[in-house]
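Here is how the chains run, residue by residue.
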Amino acid sequence: MNKQKAYIVLLMLAAIMIAGGDEYVITSSINYGNSAGFREIGPHIFDCDNDSNYEFTCHHQFNNGSYTERHIFIFEHAMPGDSFIMRRDYKDVGFPAGFGDFDSDGLGELLVIKRDSTDTIYVSTMEQADSFLYPDSITWICDSVYDGIKTPNVSTMMKGDSIDRIYGSGIPWLSSNTTNRGWYYYSPVGDNDYRINNTFLEDSFTSRMTAGDFDSDNYCDIIIAVHGSTYWLESVDSMQDSFTVVNKESYTTNLPDNYIILPDIDRDGKNEILTNKAKAWPTTYTFRIIEYDSVSYWDTIWTQTFEVPTDNDYVFGSDMSWGDTDGDGEYEMVISAGIDLYVFDILSDNTFEQKFYYRHDNFGMIQSHVRCHDFNGNGYDEIVFSGNGDDIGDDQTLIFEDSSVVLYIDSVVAYEGDSILEAGIDNDDYAVLYFSNRSNVPLINSTNIDSIFTLSSGHTWKDMTGSIKNCSWSADSTQCTVELSDSSGIPTIAVGDTIVPSREHIKIYTEDTPVKGRAVLRGSFSPSGITCNNKDTETDIYYDMSSGDISFSLKTPSQINLTLFDITGRQVKQVYSGYAQKGIYTEKLPDNLNSGVYYLNFKSALYNNILKILYIR
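Definitions and cut-offs
- Residues numbered from 1 in each chain as written.
- Predicted model: local features only at pLDDT ≥ 70, side-chain atom pairs only at ≥ 80, totals over all residues.
- Heavy atoms only, no water.
- Buried < 20%, exposed > 50% of the residue type's maximum accessible area, 1.4 Å probe, protein only.
- Helix = DSSP H or I, 4+ residues; strand = E, 2+ residues; numbered from the N terminus.
- Pairing = 2+ DSSP bridges.
- Phe/Tyr/Trp six-rings, centres within 6.5 Å; stacked < 30°, edge-to-face > 60°.
- Core = buried A, V, L, I, M, F, W, Y, C linked by side-chain atoms within 4.5 Å.
- Contact = heavy atoms within 4.5 Å.
- Salt bridge = Lys/Arg side-chain N within 4 Å of Asp/Glu carboxyl O.
- Axes fitted to C-alpha atoms, helices over the stretch in contact; angles between N-to-C directions.
- pLDDT = per-residue confidence, 0-100.
- Polar contact = N/O pair within 3.5 Å; in protein donor to acceptor, adjacent residues only side chain to side chain.

Once that is clear, we can look at the pairing of strand E34 (residues 470-473). Of the two faces of E34, only the one carrying Cys471 and Trp473 is buried; Asn470 and Ser472 on the other face are not. Bridge analysis of E34 against strand E35 (residues 479-483) gives four bridges, and the strand direction is antiparallel. Counterpart to Asn470 in the pairing with E35 is Glu483. Hairpin remark: E34 followed by E35, antiparallel, with five residues in the connecting loop; positive phi at Ser477, about 60°.

As a further point, take the pairing of strand E10 (residues 121-127). The buried fraction of E10 amounts to six of the seven residues, a majority that puts the element mostly inside the structure. Examined bridge by bridge, strand E9 (residues 109-115) and E10 share seven bridges and lie antiparallel to one another. Looking at the pairing, Arg115 lines up with Ile121 of E10.

Summed over all chains, the structure comprises 24 aromatic pairs. Ring geometry for Phe356 against Phe400: centres 6.0 Å apart, planes inclined by 65°, an arrangement best described as edge-to-face. Separated by 44 residues along the polypeptide, Phe356 in strand E27 (residues 351-359) and Phe400 in strand E30 (residues 395-402) bring together distant segments of the chain. Grouping residues by exposure puts Phe356 and Phe400 together as buried. Taken together through their ring pairs, the aromatic side chains of Phe287, Trp302, Phe306, Tyr342, Phe344, Phe352 and Tyr357 make up a single cluster.

What follows concerns the environment of Asn445. Within the secondary structure, Asn445 sits in the loop between strand E32 (430-435) and helix H1 (449-452). Its relative accessible area of 28% is what places Asn445 among the partly exposed residues. Once the C-alpha coordinates of Asn445 and Lys469 are considered, the two residues, 24 residues apart in sequence, prove to be 8.7 Å apart.

Counting residues in hydrophobic clusters, the biggest one holds 28 residues, and the most contacted among them are Leu433, Phe435, Phe453, Trp461 and Ile499. Those elements that provide at least two residues to this core are strand E31 (409-415), E32, H1, strand E33 (453-455), E34, E35 and strand E37 (519-523). When sequence neighbours within four positions are dropped, the list of residues in contact with Phe453 reads Leu433, Phe435, Ile444, Trp461, Cys480, Ile499, Val500, Pro501 and Ile506.

Of note, Ser104 is a non-glycine position whose phi angle comes to about 55°, a positive value. Mapped onto the elements of the fold, Ser104 is located in the loop between strand E8 (95-100) and E9. The exposure class assigned to Ser104 is partly exposed, which follows from its relative accessible area of 43%. Non-glycine residue Asn192 carries a positive phi angle of around 55°. In this fold, Asn192 is placed in the loop between strand E14 (183-190) and strand E15 (193-199).

Okay, the pattern of salt bridges next. Taken as a whole and assessed by the stated rule, the structure comprises eight salt bridges. Residues Asp161 and Arg165 are paired through a salt bridge, measuring 2.7 Å at the closest nitrogen-oxygen approach. Judged by its relative accessible area of 34%, Asp161 falls in the partly exposed class. The buried category is assigned to Arg165, whose relative accessible area is 4%. Note that Arg371 and Asp319 form a salt bridge whose closest N and O atoms lie 2.6 Å from each other. One end of the pair, Arg371, is in strand E28 (residues 368-373); the other, Asp319, is in strand E24 (residues 319-323), with 52 residues separating them in the sequence. Look at Asp319 and you get buried, because its relative accessible area is 4%. One salt-bridge network, in which partners are shared between bridges, spans Asp326, Asp345 and Lys355.

This part takes up the sheet that holds E34. Strand pairing in a sheet relies on backbone hydrogen bonds. The paired strands run either parallel or antiparallel. Spatially, E33-E36-E37-E31-E32-E35-E34 is the arrangement adopted by the seven strands of the open sheet, whose pairing is mixed. Lying at the two open borders of the sheet, with one neighbouring strand each, are E33 and E34. Here the average twist between neighbouring strands, direction ignored, is 25°.

Here we have four strands laid out as an open sheet, ordered E24-E25-E26-E27, and antiparallel in their pairing. Either end of the sheet is taken by a strand with one partner, and the two such strands are E24 and E27. Ignoring strand direction, the axes of neighbouring strands in this sheet form an average angle of 20°. Pairing geometry for E24 and strand E25 (residues 332-337), over five bridges, is antiparallel. The partner of Met320 across the bridge, within E25, is Ile335.

This part is about the confidence of the model for the protein. Across the protein, the average pLDDT comes to 76, with 76% of residues at 70 or higher. Under a pLDDT of 50 for its full length, residues 34-40 has, in the predicted model, 40 contacts with residues more than four places off or in other chains.

A separate point is the environment of Asp463. Along the chain, the position of Asp463 falls in the loop between E33 and E34. For Asp463, a relative accessible area of 5% corresponds to the buried category. Sequence separation between Asp463 and Asp486 is 23 residues; the distance between their C-alpha atoms is 5.6 Å. If we skip the residues at most four places from it in the chain, Asp463 touches Ser485, Asp486, Ser487, Gly489, Ile490 and Pro491. Here the side chain of Asp463 touches Ser485 through a polar contact of 2.6 Å, side chain to side chain. Within the local environment of Asp463, its side chain forms a polar contact with the backbone nitrogen of Ser487, the two atoms lying 3.3 Å apart.

As structure tokens, this is what we get:
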């Protein structure tokens, strides 16, 4: 299949229900690639361009006869709705392994691992040119040797300073494949410059590792597989420069393929560790959950083996994730085992119950991966199920979401009123809460609004006098409008706040079924386009969405450059360039501009800002 024929199909397909009252459906299907390839690292989820719409990475490959192209794709969730848009296609740069600000310069880097024809492995990063743009070029590369790096990943726990660090098993700088033991991590020493730190374990081959906090002491812990054994290592102090072995498990058969340090998913005060192992002929995937115990260090609380049909000789990997997929405020466990996807309810301490099962018969599965994230902000984590296709099929990534909820908060939007056009909240601004179904229309006023529609960060809907202007429901009881007041000081509600409706007060119409979910406040309380005001340079910038005009005012003369870029970072037009006296200036966007998201880069002698705008023809 030619790459140009790759497509995204947005579907609403019913999946197979095994148990429980939740129904998961496929809301998006992303089809890329045409040949089976080793997807060594699963999807990574991040907000690369800082617009509150999250992205995830996929690795797919295309068989072009004698040559195989390997691609990293970045897909972004498109609001509103459930669709995903491909934002980047990186050809033959390697495998995606994580995202973070590794050199602490305020710009994000995509971690990429590549193996060449001589089995040399390269660790590299692709950095953003700006915090609102996608990474486009490799800014750092460190070559490794043979098979000396395994399980590269990203952690903020090394050294206890919350810096994003690259880590993995193996010793990257050693020059022989017989000495790739121990593990490593990189620390920043400058812009795109790193120092490697190594920890040796013993003179033996290391394969898999993970970093986390398995004993809940907020120090970094390590689980690492060394030939025939698994070691658990604890930090000895807050600097986390050295580690001590606190547990060792020996294996007479092959070591597990993967280790994941989990949060306390069963809510018993103890963190858990998951291991999984694939075995061929017949193909089986065995999962085991170990719970941390200060006495024995390993206590198997759950184990299950799944037998999965496949037409591949080689079986590589399975995966596990967790998230609140049904909006009830508790974690569910999500497992991929080849072509099969499972969701388990975590009922209580050490108790798990299967609630959902899906089989994708078109995967000739070498491996599959899962991740959970709430992309559309409705309080329900979607499930990203990604796997390799067979020789005649496609690689595919499926997005699942629970569709059984009869009443949930769909979205919340801030609006600027027509009578007072001022930046920030004023006396005619309001917010509308949109629900999926008719509600019971409870009475909401100044006395109870903060408990019925709870805001994050301790924010309030009320002004300094403890008041809102009004709260009313639409005729069909699916929308609630909150009119704000600014008497004696504005309320602290802000765009980006998370709103959680009260399950006690908001219920479906004529029934006792409570609302589920939460939503992030979108929109703006300012007139369209008032995006910044800089008091130091006395500069105002205004974008009028209705006319497409861009206005800026100067109170001091300055050299001005105003440049328009598209979503890919390509320059569309130099809107203004020259020396400007103090005053107000208005420029037009190009007449042939397509609808979409653009970036305005405004530069003066003392001021540099990038504004994200939406243009609609």
